[in-house]
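Letter by letter, the chains look like this.
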Amino acid sequence: MDFTFTEEQQAAVEASAAVFGGVAPDGVPSPALTAGAVADDFDRALWAKLADADLLSLLLDPAYGGAGLDAIALCLVLRESAKVLARVPLLESTAAAVTVQEYGDEETKAGLLARAGRGEVVLTVAANGRTGHEPAERAVTARRDGDVWTLDGVQTAVAWAHGADLVVVPAHTDDGRTLLALVPRGHEGTVLGEQVSTSGERLGELRLESARIPGGQVIEAEGAWERLRDLLTTGTCALALGLGERVLRMTSAYTGKREQFGFPVATFQAVAVQAADRYIDLRAMEATLWQAAWRISTRAAATGTGTGGTAKGAAAGTAGGALPVAGDVAVAKIWASEGVRRVVQTAQHLHGGFGADTESPLHRYHAWAKHLELSLGPAAAHEEALGDLLAAHPLG
């Protein structure tokens, strides 16, 4: 088995590193010094650069102007974006677009995907439910009325909602099915309230009050929401990994030059042991991330819903196992949530008072880490989900 990344995946990393190389993590006001959101919109200039570099269409088929790559390539790019706290809906828009590609009808795909790949249409996903601690699909009801679906409910903490053109909203029907509605921003029957993340980014509380969505803008295919949720969760793990790697590098540089008693503090055993523990956390986060991304990629290849390549040797037929893909995703999110929290906490400790200085970017990474830790469910929620999976699919 050859677990190296393909040439196409490595090229995506190089292209993203070039784009993100000029991004400053302190390009907006500090969330610690700002009463509301640090900015009204995401970084549109960076979004345009990502479009020019064809990084918004990585997972789209060539028929829609894309590269036809897979979840692994997306996670590699997201990893780079988190190192500079890139303020763009790259994960949400890409995950939503690829879900439309895999499950939407031909008319929807023709009218949306190429434009999304060029950055002309921005998508996001309402993935947190009413409170952030419940299944998102249970927060909204959907009732069919002829060729129209009527949606009622509330979705909280919708990322980039005030700047996105379309919000993908999961909803449940009376017969227990889950569907995905593509709701335009400002659509009649919707109200978008103001919320702010711990990172200082502007979020939206989306209220749907008898919002009527044409059937052509609703995806009813079985498994579409599960696929989208798994991709969002795994992408969040990639963001946590990239952020954690940058923070550990910052900590290494600081402790290497900060001296006490005439020696760099990095040479003290207590400091070295803490840094080593965090390095182990990052390697566990990385291993579980690629396992989850590989399972998502090979599932798409096996079902014919994706055209992207995977890591060399990752044949679709080998993607089986005792647990479904959701099990690997849960393990990755457990490590991502716990690991990124420990990394930033250790960094703050080893930086001393300098770590809380608003002139330093470290406090921004800490705020973003808290957001990523809780996004798509904290570790405890995924531990519970993993326990349910193990109970239903005993290993043996």
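None of these values were measured; they are calculated from a predicted model. (Residues numbered from 1 in each chain as written. Predicted model: local features only at pLDDT ≥ 70, side-chain atom pairs only at ≥ 80, totals over all residues. Heavy atoms only, no water.)

### Quick word on the overall build of the protein chain
Assigned secondary structure in the protein chain consists of 10 helices and 10 strands. The C-alpha radius of gyration computed for the protein chain amounts to 21 Å, which stays within 12% of the reference 21 Å derived for 396 residues, consistent with globular compactness. In terms of overall dimensions, the protein chain has C-alpha extents of about 80 × 50 × 45 Å along its principal axes. Here the protein chain, with 396 residues, has 55% of them falling under the buried criterion. Once local pairs closer than 6 in sequence are excluded, the contacts in the protein chain between residues at least 24 apart make up 76%. (Helix = DSSP H or I, 4+ residues; strand = E, 2+ residues; numbered from the N terminus. Rg over C-alpha atoms; globule rule 2.2 N^0.38 Å. Buried < 20%, exposed > 50% of the residue type's maximum accessible area, 1.4 Å probe, protein only. Contact = heavy atoms within 4.5 Å.)

### Thoughts on the confidence of the model for the protein chain
Overall, the predicted model of the protein chain reaches an average pLDDT of 92, with 93% of residues at or above 70. Note on residues 305-320: pLDDT is under 50 here. Beyond four places in sequence and across chains, it has 43 contacts. (pLDDT = per-residue confidence, 0-100.)

### What to know about the packing of helix H4 (residues 90-103) against helix H5 (residues 106-117)
Between H4 and H5, whose axes approach to 10 Å, the crossing angle comes to 150°. Relative to H5, H4 is oriented roughly antiparallel. In this structure, H4 meets H5 at a crossing whose hand is left-handed. Here H4 contributes Ala97, Val100 and Gln101 to the contact with H5, which in turn contributes Thr108, Lys109, Leu112, Leu113 and Ala116. Classifying every residue of the contact of H4 with H5 gives 5 nonpolar, 2 polar and 1 charged. (Axes fitted to C-alpha atoms, helices over the stretch in contact; angles between N-to-C directions. Parallel < 35°, antiparallel > 145°, perpendicular 65-115°, else oblique. Left-handed = near helix turned anticlockwise from the far one by under 90°. Nonpolar A, V, L, I, M, F, W, Y, C, P; charged D, E, K, R; others polar.)

### Re the environment of Thr178
Looking at the element boundaries, Thr178 is found in strand E5 (residues 178-184). Along the primary structure Thr178 and Gly353 are separated by 175 residues, whereas in three dimensions their C-alpha atoms are 49 Å apart. The contact partners of Thr178, leaving out residues within four places of it in the chain, are Glu137, Ala171 and Trp225.

### Re helix H9 (residues 362-374)
Over its 13 residues, H9 extends 19 Å from the first C-alpha to the last, a length consistent with the 18 Å expected when each residue adds 1.5 Å. Turning to H9, its buried residues are Leu362, His363, Arg364, Tyr365, Ala367, Trp368, Ala369, Leu372 and Glu373. Phi turns positive, to about 60°, at Leu376, one or two residues after H9. (Expected span 1.5 Å × (residues − 1).)

### Details of the pattern of salt bridges
Taken as a whole and judged by the stated rule, the model has 25 salt bridges. Residue Glu194 is joined to Arg202 by a salt bridge in which the shortest nitrogen-to-oxygen separation is 2.3 Å. Classification of Glu194 by relative accessible area gives exposed; the value is 51%. Of the residues examined, Arg202 reaches a relative accessible area of 19% and is grouped as buried. A salt bridge links Arg341 to Glu338; its shortest N-O distance comes to 2.2 Å. (Salt bridge = Lys/Arg side-chain N within 4 Å of Asp/Glu carboxyl O.)

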